[in-house]
Amino acid sequence: MADTERPRHVFMPEDSLEEWILQESERAEIYLLRNVSPPDALPGAILASPSRSNPDYYYHWVRDAGIVIKAILQLYRLAREPEARRRYFDRMMEFVDFSWHIQRTAVQAGIGLGEPKFFVDGMPYMDPWGRPQDDGPAIRAIELTHWAFLLLDEGRRELVQERLYDARLPTGSVIKADLEYTAHRWRATCYDLWEEVLGHHFFTRLLQRKALIEGAALATRLGDDEAARFYVDQSRHLDGELRRHWEPERQYLVSVRDQETDPPRSGLDSSVILATLGGYSIHDHELYGEDLYPVEHEQVLATAVAQKRTFQSLYPINDPSRRIAGIAIGRYPEDRYDGYRTDSIGNPWPGITIGFAMYHYKLAMQYRRSTRIALTPTSLPFFQALPVEDVRFDPGEELLAGDPRFDRTVDALRREGDAFLERARYHMNPDGSMSEQMNRFTGFQQGAAHLSMNYAAFLLATEMRRHLLLFS
Ligand code: NOJ
Ligand code: NOJ
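Residues numbered from 1 in each chain as written. Chains lettered and ligands numbered in written order. Predicted model: local features only at pLDDT ≥ 70, side-chain atom pairs only at ≥ 80, totals over all residues. Heavy atoms only, no water.

Caption draft 1: Structural context of the overall build of the protein chain. Looking only at helices and strands, the protein chain has 14 helices and 11 strands in total. A compact globule built from 472 residues would reach a C-alpha radius of gyration of about 23 Å, and the protein chain, at 21 Å, matches this within 12%. The dimensions of the protein chain, computed from C-alpha atoms along their principal axes, are 60 × 55 × 50 Å. In the protein chain, which comprises 472 residues, the proportion classed as buried is 60%. A sequence separation of at least 24 residues applies to 66% of the contacts in the protein chain between residues at least 6 apart. Only carbon and sulfur atoms are counted for the fraction: they give 52% of the accessible area of the protein chain, which is about 18900 Å². A distance of 1 Å separates the average location of the 56 positive side-chain charges in the protein chain from that of its 71 negative side-chain charges. (Helix = DSSP H or I, 4+ residues; strand = E, 2+ residues; numbered from the N terminus. Rg over C-alpha atoms; globule rule 2.2 N^0.38 Å. Buried < 20%, exposed > 50% of the residue type's maximum accessible area, 1.4 Å probe, protein only. Contact = heavy atoms within 4.5 Å. Areas by Shrake-Rupley, 256 points an atom, 1.4 Å probe, with all protein chains shown as cover. Lys, Arg positive; Asp, Glu negative; His and termini not counted. Charge placed at Lys NZ, Arg CZ, Asp CG, Glu CD.)

Caption draft 2: Representation of the site of ligand 1 within the structure. All residues in the neighbourhood of ligand 1 are listed as Y57, W129, W194, E195, E196, R331, Y337 and T342. In this structure, an oxygen atom belonging to ligand 1 sits 2.2 Å away from a side-chain N or O atom of E195. E196 is positioned with one of its side-chain polar atoms (N or O) 2.3 Å from an oxygen atom of ligand 1. A breakdown of the residues in the shell around ligand 1 according to their chemical character gives four nonpolar, one polar and three charged. (Near = heavy atom within 4 Å. Polar contact = N/O pair within 3.5 Å; in protein donor to acceptor, adjacent residues only side chain to side chain. Nonpolar A, V, L, I, M, F, W, Y, C, P; charged D, E, K, R; others polar.)

Caption draft 3: Summary view of the site of ligand 2. Every residue close to ligand 2 is listed here: A48, Y57, W61, R63, D64, L193, W194, E195, R331, W349, E436 and L451. Between an oxygen atom of ligand 2 and a main-chain N or O atom of L193, the distance comes to 2.7 Å. Relative to its unbound accessible area of 290 Å², ligand 2 is 98% covered by the protein chains. For the shell around ligand 2, the class distribution of residues is seven nonpolar, no polar and five charged. Each of domain 1 (35–268) and domain 2 (294–472) contributes no fewer than three residues to the shell around ligand 2. (Domains from an automatic or database assignment.)

Caption draft 4: Expanded view of the pattern of salt bridges. Here the structure, examined in full by the defined rule, presents 43 salt bridges. With a closest N to O distance of 3.6 Å, D166 and R168 form a salt bridge. Accessibility expressed as a relative area gives 52% for R168, which makes it exposed. Ionic pairing is found between K308 and E416, a salt bridge with its closest N-O pair at 2.7 Å. Linking K308 in helix α10 (residues 298–314) with E416 in helix α13 (residues 404–427), this pair joins segments that are 108 residues apart in sequence. The exposure classification of K308 matches that of E416, with both residues buried. (Salt bridge = Lys/Arg side-chain N within 4 Å of Asp/Glu carboxyl O.)

Caption draft 5: Spotlight on the side chain of D224. As for its position among the elements, D224 is in the loop between α7 (202–221) and α8 (225–243). Here Y165 takes part through its side chain, which lies 2.6 Å from a polar atom of the side chain of D224. In this structure the side chain of D224 is engaged in a polar contact, spanning 2.9 Å, whose partner is the side chain of K176. Among all residues touching D224, those that are not within four sequence positions of it are Y165, A167, K176 and A219.

Caption draft 6: Representation of the domain arrangement of the protein chain within the structure. Looking at the protein chain, the domain boundaries give domain 1 (35–268) and domain 2 (294–472). Placing the centre of domain 1 and that of domain 2 at their C-alpha centroids yields a distance of 25 Å. Facing 27 residues of domain 1, the contacting portion of domain 2 comprises 30 residues. With both chains or domains summed, domain 1 and domain 2 bury close to 2500 Å², and 63% of this area falls on carbon and sulfur atoms. Ionic pairing is found between E196 and R331, a salt bridge with its closest N-O pair at 3.1 Å. Listing elements by their share of the side of domain 1 that touches domain 2, those giving two or more residues are α2 (62–78) and β6 (252–253). Of the residues forming the side of domain 1 that touches domain 2, the biggest block, eight residues, is contributed by α2. (Buried area = accessible area lost by both parts, 1.4 Å probe.)

Caption draft 7: Quick peek at the nonpolar core. Grouped together as the largest cluster of nonpolar side chains are 133 residues, with contacts concentrated most on W147, L164, Y359 and F382. Each of two domains, domain 1 (35–268) and domain 2 (294–472), supplies a minimum of three residues to this core. Ignoring sequence-local partners within four residues, the contact set of W147 consists of L73, Y76, F89, M92, M93, V96 and L164. If you look at the next biggest cluster of nonpolar residues, it comprises 10 residues, including L47, Y58, V62 and I102. (Core = buried A, V, L, I, M, F, W, Y, C linked by side-chain atoms within 4.5 Å.)

Caption draft 8: Geometry of the pairing of strand β4 (residues 198–201). As paired elements, strand β3 (residues 190–191) and β4 share two bridges and run antiparallel to each other. By the bridge assignment for β4, Y191 is matched with L198. (Pairing = 2+ DSSP bridges.)

Caption draft 9: Geometry of the side chain of D269. Here D269 lies in the loop between β7 (256–257) and α9 (271–277). Put simply, D269 is tucked away with no salt bridge, and the nearest opposite charge, on R265, sits 4.2 Å away. The contacts of D269, once residues within four sequence positions are left out, are W194, S255, Q307, R331 and Y332.

Caption draft 10: Spotlight on helix α1 (residues 17–34). Taking 1.5 Å per residue as the helical rise, α1 with its 18 residues ought to reach 26 Å, and the 25 Å between its terminal C-alpha atoms agrees with that figure. For α1, the complete set of buried residues consists of L17, W20, I21, Q23, E24, R27, A28, Y31 and L32. On its buried face, α1 is in contact with α2, α13 and α14 (452–471). (Expected span 1.5 Å × (residues − 1).)

Structural data, given as structure tokens:
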């Protein structure tokens, strides 16, 4: 059948990756937007998933919503039609107002800004739960800070000062509320992004650091200099805290320190890699301060390869005898949550697998930009595991742009990213939808259907890929 005759919605397994990405992008956007401001919710509420039972994910989770809003901000940036721009603009501003509203309801209920989930009418979920979760306010601050910068560049300073950042104390604005909370709270332990462990988390702290640094840049731009200095000072303390996560004997960054809940974790956890993608979009890259753990940091590279190996051997669907591209990645090896119950056995997750695709694209992009790849004893295993033939990697060496080995390595990173994307594609439902997990034995989707974060991850990762190809 010729391409033009083919109904757009039919998944053809033989389609090229490029064709499939175009098709899946359309579907991901539709599925994503269905979960944003649904009819029975306050405008601005974002469902983690439309699933109302087994499991009940019919809530606005602050972290999930922050990742979704990052994707909507990207859609706004890419939109050319005035109609589409207006639609995304409205979604963004609804989210701003809803966020301010739930900050207030959480404070009034006496639980504060670390409250992880809300009913879609804006009331906090008050039953027992792993709280607080301090990554939420940090992620929200990062994305709304990017939104504020964009609006400032469009000349809408008044709107920003009225609805996003007001430079007052006590503040009447959403970003400053999150920054004040983060600047005063980072020392305390909290629950992790998986909502299970109380401690100090690499994921949470790297995002808190980023929120404070970027928030300080916004404060400065809006004349709130004293606050800017305070936010930067607090962020500096986090540098030393974050460096404590490296374990030389294990050669990876552990996800948690000072754990206060049982059972103890190995600390090998995909959230460390996801953290290095956090907040950073292609567009803001040049704008803000220095990154403590950029994707090409030798310890991040070592952590990435340790995780690839671990999940590769953990899940039967990753067995090389099955000859499926890429590696399906899960949360952490000891995971027992199967999407319905927590006394079961964990699985790989589509959104995390797509996150690993993005990690490799971003890495390739960074190397193209910096025109050099540094090989160290710590990062060597990462490069040795890449699908690149006829290249010998020696520790202490630097590959520079112009050297054919440089190009082959960057190309291998792109192919490695594509393999993760192909893996997510392989297990997707025929209509391009994704649930929270993929069964570790069969690969079938399970757990919360139409998990919003999956579609956001897909849109963000493929946009990163598009940029990489433009850059090459
Ligand atoms: C238990 C899981 O382990 C946790 O990560 C999840 O957030 C909750 N259930 C919500 O369903
Ligand atoms: C479980 C995940 O572990 C957590 O990160 C997420 O926020 C919730 N599900 C809702 O999607």
